[in-house]
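# A look at the structure
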Amino acid sequence: EANAREKLRKVFDFFVISYKSNKVKSTVIGARDITMNFNHVFSLMEKFEAFDPQYNVKKCVDSYCKITCDSELLPQEHPNNQNSEMVFDEFLDMLLRVARGKELLSSRPPEDSLREYLERDFILRAARAVPGKI
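A brief look at the structure comes next. Remember, it's a predicted structure, so these values are computed and weren't measured experimentally.

### Examining the environment of Met36
- Mapped onto the elements of the fold, Met36 is located in the loop between helix 1 (2-18) and helix 2 (38-47).
- Along the backbone, Met36 and Asp13 are 23 residues apart, and their C-alpha atoms lie at a distance of 8.7 Å.
- Sequence-distant contacts of Met36, that is, excluding residues within four places in its chain, are made with Phe12, Phe15, Val16, Val41, Tyr64, Glu85, Met86 and Phe91.

And the structure:
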């Protein structure tokens, strides 16, 4: 699981850093203290060709808003955790919502189904979309 988490972290970092209008905040406290906005998520979803009839842009926006606007959903004591951007842990929640939206979660426990989705779909798409980075 640590290997998958590290790969997901690389995906997160790649899309945040590579987005042209990204600016480092003055409140950054470390190299991994970055946030992802909706433009990053949209760019990632397009590059991974992840939009389909089951999970379209509208569902992606809904998922993003539920994660970033609801402080009770994933409360964090993080200086850059805003209601317009997501930190890495919220990105992981976003991936769970994508898997649910695509109806890829089976009757097995959610963590097993999510792990399967990540290993069999998301990380493979990441490796194709950003070769050499994941």
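### Looking at helix 3 (residues 57-69)
- The terminal C-alpha atoms of helix 3 lie 18 Å apart, and with 13 residues this matches the ideal 18 Å at 1.5 Å per residue to within 8%.
- Turning to helix 3, its buried residues number three or more, namely Cys60, Ser63, Tyr64, Ile67 and Thr68. Across the axial projection of helix 3, the buried residues extend over an arc of 115 degrees, all falling on one side. Relative to its buried face, helix 3 has exposed residues pointing more than 90 degrees away, namely Lys58, Lys66 and Cys69.
- At its buried positions, helix 3 is contacted by helix 2 and helix 4 (88-101).
- The N-terminus of helix 3 is capped by Asn56, whose side-chain oxygen sits 3.2 Å from the backbone nitrogen of Lys58.

### Digging into the packing of aromatic side chains
- Summed over all chains, the structure comprises 11 aromatic pairs.
- Look at Phe12 and Phe88: their rings are 5.6 Å apart centre to centre, the planes differ by 75 degrees, and that puts the pair in the edge-to-face class. In this pair, Phe12 sits in helix 1 while Phe88 sits in helix 4, placing the two residues 76 residues apart along the sequence. Judged on exposure class, the residue Phe12 and its partner Phe88 are both buried.
- When the ring of Phe38 is compared with that of Tyr64, the centres are 5.4 Å apart and the planes differ by 75 degrees; the resulting orientation is edge-to-face. A residue pair is termed long-range when its members are at least 10 positions apart, and Phe38 in helix 2 and Tyr64 in helix 3 qualify at 26 residues.
- One aromatic cluster is present, formed by Phe12, Phe14, Phe15, Phe48, Phe88, Phe91, Tyr117 and Phe122 through successive ring pairs.

Thresholds applied
- Here the residue numbering is sequential within each chain, running from 1 through the sequence in written order.
- Predicted model: local features are reported for residues with pLDDT of at least 70 only, side-chain atom pairs are reported and counted for 80 or more only, and whole-chain, interface and lining totals are derived from all residues.
- With hydrogens and water excluded, all non-hydrogen atoms of the structure serve as input to the side-chain values.
- Secondary structure elements follow DSSP: runs of H or I no shorter than four residues count as helices, runs of E no shorter than two count as strands, and numbering proceeds from the N terminus.
- By definition, residues are in contact when any of their heavy atoms lie within 4.5 Å.
- Multiplying one less than the number of residues by 1.5 Å gives the expected span of a helix.
- Only protein chains enter the accessibility calculation, which uses a 1.4 Å probe; a residue is then buried when its area is under 20% of its type maximum, exposed when over 50%, and partly exposed in between.
- Read the arc as the range of directions from the helix axis to the C-beta atoms.
- We call two N or O atoms a polar contact when they sit within 3.5 Å, provided that within protein one can donate a hydrogen and the other can accept it, with sequence-adjacent residues counted only if both atoms are side-chain atoms.
- Any two of the Phe, Tyr and Trp rings considered here, Trp counted by its six-membered ring, make a pair once their centres fall within 6.5 Å; the pair's planes then place it as stacked at under 30 degrees, edge-to-face at over 60, or tilted in between.

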